[in-house]
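Coordinate analysis (summary)
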Amino acid sequence: MLADEEFWRLVAVLGGQPEAQDDRPYERLTSVLAEGSVERIIDFAETLAFKLYQLDRRVLAQAIAPGADELSDDDFLYARCAVVVAGPTAFDAVLVDAAAFQRFTSEEAAHAESILDVPSNAYQKLTGSEWDHVEEYDYETGSNEQWW
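Below, the structure is looked at part by part. Because the structure is a prediction, the values reported are computed rather than measured.

Turning next to the environment of Leu 2. Examined against the element boundaries, Leu 2 turns out to sit in the segment before α1 (4–11). Residue class for Leu 2 comes out buried when judged on its relative accessible area of 14%. The sequence separation of Leu 2 and Tyr 78 amounts to 76 residues, and the corresponding C-alpha distance is 22 Å.

Once that is clear, we can look at the packing of aromatic side chains. For the structure shown, the criterion picks out 8 aromatic pairs. Ring geometry for Phe 7 and Trp 8: centres 5.0 Å apart, planes at 70°, overall edge-to-face. Residue Trp 8 is classed as buried on the basis of its relative accessible area, which comes to 11%. Note on Trp 8 and Phe 91: the rings are 5.6 Å apart at their centroids and 55° apart in plane angle, and the pair reads as tilted. You can see Trp 8 sitting in helix α1 and its partner Phe 91 sitting in helix α6 (residues 88–96), a full 83 residues away along the chain. Through pairs of rings, three or more aromatic residues link up here, namely Phe 7, Trp 8, Phe 44 and Phe 91.

A separate point is a negative patch on the surface. Negative charge collects at one region of the surface, where Glu 19, Asp 69, Glu 70, Asp 73, Asp 74, Asp 75, Glu 107, Glu 108, Glu 113, Asp 117, Asp 138 and Glu 140 lie side by side. Structurally, Asp 69 is set in the loop between α4 (58–61) and α5 (73–86).

Before going further, it helps to examine α5. Here α5 contains 14 residues, and its C-alpha end-to-end distance of 20 Å stays within 8% of the 20 Å for a straight helix at 1.5 Å per residue. Burial analysis of α5 places 10 of its 14 residues in the buried class, the great majority of the element. Those residues of α5 that are buried are in contact with α1, α2 (24–34), α3 (38–54), α4 and α6. Count one or two residues on from α5 and you reach Gly 87, which has phi positive near 110°.

Another point: the packing of α2 against α3. Interhelical geometry of α2 versus α3 gives an angle of 135° and a closest axis separation of 8 Å. Put simply, α2 runs oblique to α3. Residues Leu 29, Val 32, Leu 33 and Ala 34 of α2 pack against Arg 40, Ile 41 and Phe 44 of α3.

A separate point is the nonpolar core. Residues Phe 7, Leu 33, Phe 44, Leu 52, Val 84, Phe 101 and Ile 115 are the most contacted members of the largest nonpolar core, which totals 46 residues. Listed by contribution, the elements that provide at least two residues to this core are α1, α2, α3, α4, α5, α6 and α7 (118–127). Considering each element in turn, this core owes the most residues, 9 residues, to α5. Those residues in contact with Leu 33, other than ones at most four positions away along the chain, are Leu 10, Arg 40, Ile 41, Phe 44, Val 118 and Ala 122.

This part covers α2. Residues of α2 that are buried: Pro 25, Tyr 26, Leu 29, Thr 30, Leu 33 and Ala 34. Tucked into the core, α2 has its buried residues touching α1, α3, α5 and α7.

Position of Thr 105 among the secondary structure elements: in the loop between α6 and α7. We classify Thr 105 as buried; its relative accessible area is 19%.

Each value, and the rule that gives it
- Residues numbered from 1 in each chain as written.
- Predicted model: local features only at pLDDT ≥ 70, side-chain atom pairs only at ≥ 80, totals over all residues.
- Heavy atoms only, no water.
- Helix = DSSP H or I, 4+ residues; strand = E, 2+ residues; numbered from the N terminus.
- Buried < 20%, exposed > 50% of the residue type's maximum accessible area, 1.4 Å probe, protein only.
- Phe/Tyr/Trp six-rings, centres within 6.5 Å; stacked < 30°, edge-to-face > 60°.
- Patch = residues over 30% accessible without salt bridge, like charges linked within 9 Å, V, L, I, M, F, W, Y side chains within 5 Å.
- Areas by Shrake-Rupley, 256 points an atom, 1.4 Å probe, with all protein chains shown as cover.
- Salt bridge = Lys/Arg side-chain N within 4 Å of Asp/Glu carboxyl O.
- Lys, Arg positive; Asp, Glu negative; His and termini not counted.
- Charge placed at Lys NZ, Arg CZ, Asp CG, Glu CD.
- Expected span 1.5 Å × (residues − 1).
- Contact = heavy atoms within 4.5 Å.
- Axes fitted to C-alpha atoms, helices over the stretch in contact; angles between N-to-C directions.
- Parallel < 35°, antiparallel > 145°, perpendicular 65-115°, else oblique.
- Core = buried A, V, L, I, M, F, W, Y, C linked by side-chain atoms within 4.5 Å.

Okay, here's the thing in structure tokens:
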């Protein structure tokens, strides 16, 4: 895994706006990672998976805007991606106060799911091979049993 400072520095390439409907920041991050080593790409993927795993909590899945529909498992994953894209301050705020998660449950923020493709795209760009890495932490909804 990457050190937190390095991970968040890379995530900052995305511009901290998870609601932006723009693939260019994800393409930039892909290029930045592809300029490094395979190990760095894997470490980014591992750290991303761990961050998403840390956000996998029932209290967050239930912290939706008043009057909004319940989040599907995919929607909850995409909202967690949006938190990561927003950066370390948003990440820490959500872990402290579930109400801070509500702003990441919008349809626009779901575009942040694009961060999930960054490691595999960077790997393919660097090596020309298909990504077959499986991260240590499962970030699918409900995987973090401690918090469900």
